[in-house]
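Working through the structure, step by step
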Amino acid sequence: VSDDTPTETLRERSLAAVAEHIKSGKARRIVVMTGAGISTAAGIPDFRSPETGLYANLAKLNLPRPEAVFDLPFFRTNPKPFYVLAKDLYPGNFHPTVSHVFISLLAKKGLLHQLFTQNIDCLERAAGIPSELIVEAHGSFATQRCIECRTPYPDDLMREHVSRAQVPRCIRGPTECDGFVKPDIVFFHEALPTLFYDRKDLVDHADLALVLGTSLQVHPFAGLPEYVREGVPRVLFNMERVGSLGSLADDVLELGDCDGGIRKLADELGWSDELEAEWRKL
Ligand code: APR
């Protein structure tokens, strides 16, 4: 064997080999990257799936283009479409999926190095993943503020407005500031939280990367899998192949429903009973 042949970390590109990698103790710092695909099983539509995705179902809001609903300049002119959508998306009546629970199991076993999520549904917190291990790269509904003066807006008033699909205005009152209030979700044309930039280097320390339920269409998040060091396995759990996943020697593609793929990995790890028990507890 010539010495420049890349030596694969996994004995083969399979979930069984990934499970061995974890059980061998070689995968102690696992980074996980997630998108809307891990919450569709919770009843929250994703964005780009052809029939069921949010962007295919915004026609009733007659937007100039689907993404306008999360576009700051558009919101400033017309925040109503966002608040019609927010009523459907607002956290509180959704249950974490098996995929969320598996990530919380990794944390319980001291194997979760960091979770980077694009989701705004707060289901990672609901699944019991410690908040210090979560980077909500696109923000979340957890807090909100005036888009003009940045003054925070009370949670209870926000909940009331969202439940009636009404647009809340700055808490300082119309004589002081009449800006619209927006949840701290990262809209297009807005910067990601600094935490994303502070923590993204952790991907470079990972010894295993799991990518679940994302089309990897939106940067800079979509660039995260490229920070994984050579020789570190990257496992994709997604309906279809996305990004550069599958192109490296240690990439594993588990295409199909992510909960199904995760259950297969849990089975290979001998964690099935624990996973189901944790999920039923929630
Ligand atoms: N199992 C596996 N994959 C799934 C499942 C499922 N149950 N459901 C959906 N998917 C896949 C889809 O096939 C798609 O590849 O998940 C991916 C979801 O992609 P998007 O809808 O583009 O969602 P996401 O990648 O999270 O979007 C990124 O775009 O609109 C912005 O800010 C928004 O955070 C969002 C960002």
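The structure presented is a predicted model; accordingly, all values stated were derived computationally and were not measured.

What to know about the packing of helix α4 (residues 98–108) against helix α9 (residues 272–281)
Each pair of packed helices gets described by two things: the angle between the helix axes and the distance between those axes. The contact between α4 and α9 brings their axes to 9 Å, and the two run at 110°. Classified by the angle their axes make, α4 and α9 are roughly perpendicular. Crossing hand, α4 versus α9: right-handed. When α4 is examined against α9, the residues Val-98, Val-101, Phe-102, Leu-105 and Lys-108 are found in contact with a partner set consisting of Glu-274, Leu-275, Glu-278 and Trp-279.

Section: the site of the ligand
Within the structure, the ligand sits among 22 residues, and Arg-48, Tyr-55, Thr-214, Ser-215 and Glu-240 are positioned closest to it. Glu-240 has a polar side-chain atom sitting 2.5 Å from an oxygen atom of the ligand. Contact with the protein chains removes 93% of the 740 Å² of surface that the ligand exposes when unbound. Put simply, the ligand lies in the largest pocket. Residue classes in the shell around the ligand are distributed as seven nonpolar, eleven polar and four charged.

Some points on the confidence of the model for the protein
In the predicted model, the protein carries a mean pLDDT of 94, and the fraction of residues at 70 or more is 98%. Reported for the predicted complex are a pTM of 0.94 and an ipTM of 0.99.

Scoring rules and cut-offs
Residues numbered from 1 in each chain as written. Predicted model: local features only at pLDDT ≥ 70, side-chain atom pairs only at ≥ 80, totals over all residues. Heavy atoms only, no water. Axes fitted to C-alpha atoms, helices over the stretch in contact; angles between N-to-C directions. Helix = DSSP H or I, 4+ residues; strand = E, 2+ residues; numbered from the N terminus. Parallel < 35°, antiparallel > 145°, perpendicular 65-115°, else oblique. Left-handed = near helix turned anticlockwise from the far one by under 90°. Contact = heavy atoms within 4.5 Å. Near = heavy atom within 4 Å. Polar contact = N/O pair within 3.5 Å; in protein donor to acceptor, adjacent residues only side chain to side chain. Areas by Shrake-Rupley, 256 points an atom, 1.4 Å probe, with all protein chains shown as cover. 1 Å grid on protein atoms, 1.4 Å probe; cavity = no way out; pocket = protein on both sides within 12 Å on 5 of 7 lines; lining within 4 Å. Sits in = over half its atoms within 2 Å of the grid points. Nonpolar A, V, L, I, M, F, W, Y, C, P; charged D, E, K, R; others polar. pLDDT = per-residue confidence, 0-100.

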